[in-house]
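Single-letter residue listing:
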Amino acid sequence: MKSAFLIAAVSSGCGKTTLSLGLMRAIARKHISVQPFKCGPDYIDTQFQSIAAERESINLDLFMSSASHVRALFSHYSKGSDVSIVEGVMGMFDGFDKMKGSSADIARVLDIPMILLVNAASTAYSVAATIYGFTRFCHDVRVAGVIFNRVASENHFSFLRKACEDVGMECFGYLTKNEALQTPSRHLGLTLSSREVMDRFIDMAADEVEKNVDIDSLVEVTSRREFPEEQLDIPVVQNLTVAVARDEAFNFIYPANLSIFTKIIYFSPLHDQRLPEADLVYLPGGYPELFAKELSANFEMRNDIKDFAEQGGHILAECGGLIYLCEDIDGEKMCGVFPLKATMEDSKLSLGYRTIEFSHTTLKGHEFHYSHMIDPSSIPGIASQQNAKGLKVDTPVYKYKNTIAGYTHLYWAETDILKLWE
């Protein structure tokens with residue numbers, strides 16, 4: 001018997017991340033293997049989940065990839081685990097186009113039940129109407145039960161449990177109203193101290209889950225003997241050495257992207273002095289603005305990357321990687337591959353799904369950043385981008401020799417990324 005379920009919520013801010021991390025750690029404490037997944041393009045929660053479950057978390061996204069790819073990812077990475085937990089995104093039915101790509105949509109594609117998380121702050125028996133609507137709105141998705149968050153007392157919980165009974169829905173328990181259970185800042189990087197902070201928070205969430213959630217019943221109700229197996233068909237790239245930047249400053253990576261490469265060397269622009277020999281250098285997003293002084297001080301690495309670009313070496317850079325290839329960010333010198341200056345001043349959030357049309361291929365991805373280029377049109381872009389509704393956005397993609405960089409975090413596990421250089 002293997003268990004699989006998706007944690008959905010009435011809305012954003014209900015505490016999905018806290019519950020997900022607490023469940024993953026609490027189940028792992030029982031010496032039961034847990035495979036974590038995350039709905040949508042988020043590359044920060046997946047890092048937290050990997051800490052909680054001690055297994056790499058995988059993104060499942062129905063905009064950036066096909067339904068068959070999502071099913072194959074789930075099948076492939078669930079092998080060898082006893083419980084697969086998928087953390088949902090936003091509210092249960094919130095997708096990029098009505099409910100397309102929503103938590104409910106992914107649960108339907110995977111054919112797994114959902115656990116509905118309800119924020120019970122400032123309400124009691126009225127949650128019956130909420131639960132009734134959410135569990136009956138879409139007839140081809142299954143809700144196995146409910147967990148409440150921000151419960152004030154046992155007396156408060158008695159009203160909530162009665163509401164579940166009266167709408168015929170199983171209640172697996174609750175999390176208390178506790179300010180200490182607010183997820184720590186996501187803008188931390190992967191420093192040792194930030195990992196220790198997150199690990200302590202996960203332990204606290206797991207303690208809460210163990211105390212007030214019926215884990216055994218939840219796992220039993222969501223278990224079945226067989227799950228369909230699907231072959232993960234990815235365009236494997238042979239005979240190519242890829243150097244991937246991975247440290248506190250660069251860590252926004254979709255693991256499925258890297259699975260297409262057979263030879264990967266990880267390196268740190270923060271701590272390593274030399275760029276390793278490679279055919280392709282990948283600079284993912286992250287927090288270069290938090291480590292700008294340290295990155296600037298490592299002039300040997302900056303010079304190596306600039307030389308690699310000048311000699312026609314292939315580089316792919318996303319968001320934080322783009323910043324690192326600029327002349328500077330707020331006065332701190334970067335690699336200087338592009339004659340661009342980045343800044344965090346007057347920052348505004350730019351985010352959303354993107355479809356990027358290159359000359360030889362089309363890719364999808366997600367844009368999420370606060371920084372911006374001071375004069376983004378000073379050099380021409382090489383691709384056009386549209387949002388999820390097909391409307392053009394002005395986010396550029398730049399190219400210099402064989403270096404390609406932009407703000408969009410690309411998803412290429414279903415495509416041949418090397419077509420970018422054709």
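Bear in mind that the values here come from a model prediction, so they are computed numbers and not experimental data.

Below, the discussion takes up the overall build of the protein. Each helix and strand in the protein was counted, giving 12 helices and 25 strands. A compact globule built from 422 residues should have a C-alpha radius of gyration of about 22 Å, and the protein, at 22 Å, falls within 12% of that. Within the protein, the proportion of its 422 residues that are buried is 57%. The long-range share in the protein, meaning contacts at least 24 apart out of those at least 6 apart in sequence, stands at 72%. Summed over all atoms, the accessible surface of the protein reaches about 17,900 Å², with 49% contributed by carbon and sulfur. Between the centroid of the 40 positive side chains of the protein and the centroid of its 55 negative side chains there is a distance of 3 Å.

As a further point, take the sheet that holds strand E18 (residues 350-357). Spatial ordering of the open sheet is given by E22-E21-E18-E19-E25, a layout of five strands whose pairing is antiparallel. Here the strands that pair on one side only, and so sit at the sheet edges, are strand E22 (392-393) and strand E25 (409-411).

Tallied over the full model, the rule gives 24 salt bridges. For the salt bridge of lysine 38 with glutamate 87, the shortest nitrogen-to-oxygen distance reads 3.3 Å. Within this pair, whereas lysine 38 is found in strand E2 (residues 34-39), its partner glutamate 87 is found in strand E4 (residues 83-87), the two being separated by 49 residues in sequence. For the pair shown, lysine 38 and glutamate 87 are each scored as buried. Taken together, the salt bridges that share partners define one network made up of Arg25, Arg29, Asp199, Asp203, Asp207 and Glu210.

Across all of its chains, the model carries 15 aromatic pairs by this definition. Each ring, one from tyrosine 282 and one from tryptophan 412, has its centre 5.2 Å from the other, and the planes form 80 degrees; the classification is edge-to-face. Here tyrosine 282 is found in strand E12 (residues 280-283), whereas its partner tryptophan 412 is found in the segment after E25, with 130 residues between them in sequence. Each member of the pair tyrosine 282 and tryptophan 412 is classed as buried.

A few words on the environment of serine 102. Within the secondary structure, serine 102 sits in the loop between E4 and helix H4 (103-110). On the accessibility criterion, serine 102 (0% relative accessible area) is buried. For the pair serine 102 and glutamate 294, spaced 192 residues apart in the sequence, the C-alpha separation amounts to 39 Å. Apart from residues no more than four positions distant in its own chain, serine 102 is found in contact with Met92, Phe93, Asp94 and Gly95. A distance of 2.7 Å separates a polar atom in the side chain of serine 102 from the backbone oxygen of methionine 99.

Here we have four strands laid out as an open sheet, ordered E16-E15-E17-E20, and mixed in their pairing. If you trace the sheet from one side to the other, it starts and ends with strand E16 (332-333) and strand E20 (372-373), each paired once. Sheet analysis places strand E15 (residues 328-329) next to E16, joined by two bridges and oriented antiparallel. Along E16, the bridge assignment pairs isoleucine 329 with glutamate 332.

Here the focus is the nonpolar core. Counting 149 residues, the largest nonpolar core has Leu23, Phe148, Phe261, Leu283 and Leu325 as the members making the most contacts within it. In contact with leucine 23, other than residues within four places in its own chain, are Phe5, Ile7, Ile85, Val209, Ile215 and Leu218.

Rules of the game
- Residues numbered from 1 in each chain as written.
- Predicted model: local features only at pLDDT ≥ 70, side-chain atom pairs only at ≥ 80, totals over all residues.
- Heavy atoms only, no water.
- Helix = DSSP H or I, 4+ residues; strand = E, 2+ residues; numbered from the N terminus.
- Rg over C-alpha atoms; globule rule 2.2 N^0.38 Å.
- Buried < 20%, exposed > 50% of the residue type's maximum accessible area, 1.4 Å probe, protein only.
- Contact = heavy atoms within 4.5 Å.
- Areas by Shrake-Rupley, 256 points an atom, 1.4 Å probe, with all protein chains shown as cover.
- Lys, Arg positive; Asp, Glu negative; His and termini not counted.
- Charge placed at Lys NZ, Arg CZ, Asp CG, Glu CD.
- Pairing = 2+ DSSP bridges.
- Salt bridge = Lys/Arg side-chain N within 4 Å of Asp/Glu carboxyl O.
- Phe/Tyr/Trp six-rings, centres within 6.5 Å; stacked < 30°, edge-to-face > 60°.
- Polar contact = N/O pair within 3.5 Å; in protein donor to acceptor, adjacent residues only side chain to side chain.
- Core = buried A, V, L, I, M, F, W, Y, C linked by side-chain atoms within 4.5 Å.

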